[in-house]
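# Working through the structure, step by step
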Amino acid sequence: MAFFRYEYIVIRMKRISTLFTLLFCCCTIQSIAQRRDVDFGLLIGTAQYNGDVNMTKAYTSPQPAVEFMFRKNFNPHYSLRLNLAVGNLKADDNNFKYKYQQLRDYSFDDTKLMEFSGMVEFNFFEVTTNKKEKNFSPYVDFGLGLLYNENIPIKESLTIPMGLGLKYKLLPRLEIRTEWTFRKTYTDRLDQLAYQANDGFLQYKQISFKKTKDWFSILGISLLFNFSDEKIPCPIYEPKSYQKRR
């Protein structure tokens, strides 16, 4: 399909290069000024749609989604994260009890998405690479993104991702996480619904709510591997409390 053609993706990705450059430069400057402490990871999960077809359910008709992550850690609480997410959305009027939707009888299953976003991540508890008692925390994330879909014009491509999750250090440099991040969009075209007119008049029914915008979310589990200049001490050779100078 056209969405997956290499040249098609390259052309679209050029449109978001400005945001990518700004976020990357901020991360690079901080990395130079401080010790290197970055993570690379992959999230595997599901994408869900909310809009004119699904107005009430937070999780329904899940579709596969993946997300590639690059994260710069500034301290045990704050991080800056860059994400590239790819997924698909679907929904069906027949999955809902409302008579209007059953009469409309609309469905879609081919809305493919690609989103690039920059997010600030905040840990409620400290998470470090070298202390066993500081290896777990709930967290929240918030940021800005740019969305690509072949039905969405560039002026409607802005997204605001916001979510929460839990993270746990399996190993000093290996982190497992589960998170659910919702994306507020500024388009009403994720479901491909629109007003239908005949000689200037609506065809007896409202097809789409004109003033509402669509949302989507990604729920999944991810693994992140840490690359840090900080040496992780070996517990066998780590000085005991009575050996340390007061």
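Residues numbered from 1 in each chain as written. Predicted model: local features only at pLDDT ≥ 70, side-chain atom pairs only at ≥ 80, totals over all residues. Heavy atoms only, no water.

## Details of the overall build of the protein
Across its full length, the protein carries three helices and 10 strands. Secondary structure of the protein in N-to-C order comes out as α-α-β-β-β-α-β-β-β-β-β-β-β. The buried share of the protein, reckoned over its 246 residues, is 41%. Within the protein, contacts between residues at least 6 apart in sequence are counted, and of these 69% link residues at least 24 apart. Entry remark: accessible area of the protein is about 14300 Å², with carbon and sulfur atoms responsible for 63%. (Helix = DSSP H or I, 4+ residues; strand = E, 2+ residues; numbered from the N terminus. Buried < 20%, exposed > 50% of the residue type's maximum accessible area, 1.4 Å probe, protein only. Contact = heavy atoms within 4.5 Å. Areas by Shrake-Rupley, 256 points an atom, 1.4 Å probe, with all protein chains shown as cover.)

## Examining the packing of aromatic side chains
Taken as a whole and judged by the stated rule, the model has nine aromatic pairs. Taking 5.0 Å as the distance between ring centres and 55° as the angle between the ring planes, the aromatic pair formed by F40 and F70 counts as tilted. One end of the pair, F40, is in strand 1 (residues 37-50); the other, F70, is in strand 2 (residues 63-73), and 30 residues separate them in sequence. On the accessibility criterion, F40 (43% relative accessible area) is partly exposed. Taking the relative accessible area as the measure of exposure, F70 reaches 19% and is therefore buried. Aromatic side chains Y59 and W180 sit 6.1 Å apart centroid to centroid with 85° between the ring planes, which places their arrangement in the edge-to-face category. Remark: W180 occurs in strand 7 (residues 174-185) and Y59 occurs in the loop between strand 1 and strand 2; sequence separation between them is 121 residues. Taking relative accessible area as the criterion, Y59 reaches 39% and is therefore assigned partly exposed. Its relative accessible area of 25% is what places W180 among the partly exposed residues. Across the ring face of F96, the terminal group of K57 is positioned such that the distance to the ring centre comes to 5.1 Å. A cation over an aromatic ring shows up here: K167 above the ring of Y139, its NZ or CZ 4.8 Å from the ring centre. (Phe/Tyr/Trp six-rings, centres within 6.5 Å; stacked < 30°, edge-to-face > 60°. Lys NZ or Arg CZ within 6 Å of the ring centre and 35° of its normal.)

## A look at the side chain of N50
With respect to the helices and strands, the residue N50 is situated in strand 1. Excluding its chain neighbours within four sequence positions, the residues that come into contact with N50 are K57, A58, F182, D214 and W215.

## Considerations on the environment of R71
With respect to the helices and strands, R71 occurs in strand 2. For R71, a relative accessible area of 2% gives the class buried. Among residues more than four places away in sequence, those in contact with R71 are D37, V38, D39, S79, L80, R81, E121, K167, E175, R177 and L224. A distance of 3.1 Å separates polar atoms of two side chains, one belonging to R71 and the other to E175. (Polar contact = N/O pair within 3.5 Å; in protein donor to acceptor, adjacent residues only side chain to side chain.)

## Looking at the confidence of the model for the protein
For the protein, per-residue confidence averages 81 on the pLDDT scale, and 71% of positions sit at 70 or higher. Predicted confidence is poor over residues 197-202, with pLDDT under 50, and the contacts of this stretch with residues over four places away or in other chains come to five contacts. (pLDDT = per-residue confidence, 0-100.)

## Remarks on the pairing of strand 2
Within a regular strand, side chains alternate between the sheet's two faces. Within strand 2, eight of the 11 residues are buried, which leaves it mostly tucked inside the rest of the structure. Summarising the sheet, strand 1 and strand 2 pair through 10 bridges and their orientation is antiparallel. By the bridge assignment, L43 is partnered in strand 2 with E67. Where strand 2 and strand 3 (residues 78-92) come together, nine bridges link them in antiparallel fashion. Its bridge partner lying in strand 3, F70 is registered against L82. Hairpin connection from strand 2 to strand 3: four residues lie between these consecutive antiparallel strands. (Pairing = 2+ DSSP bridges.)

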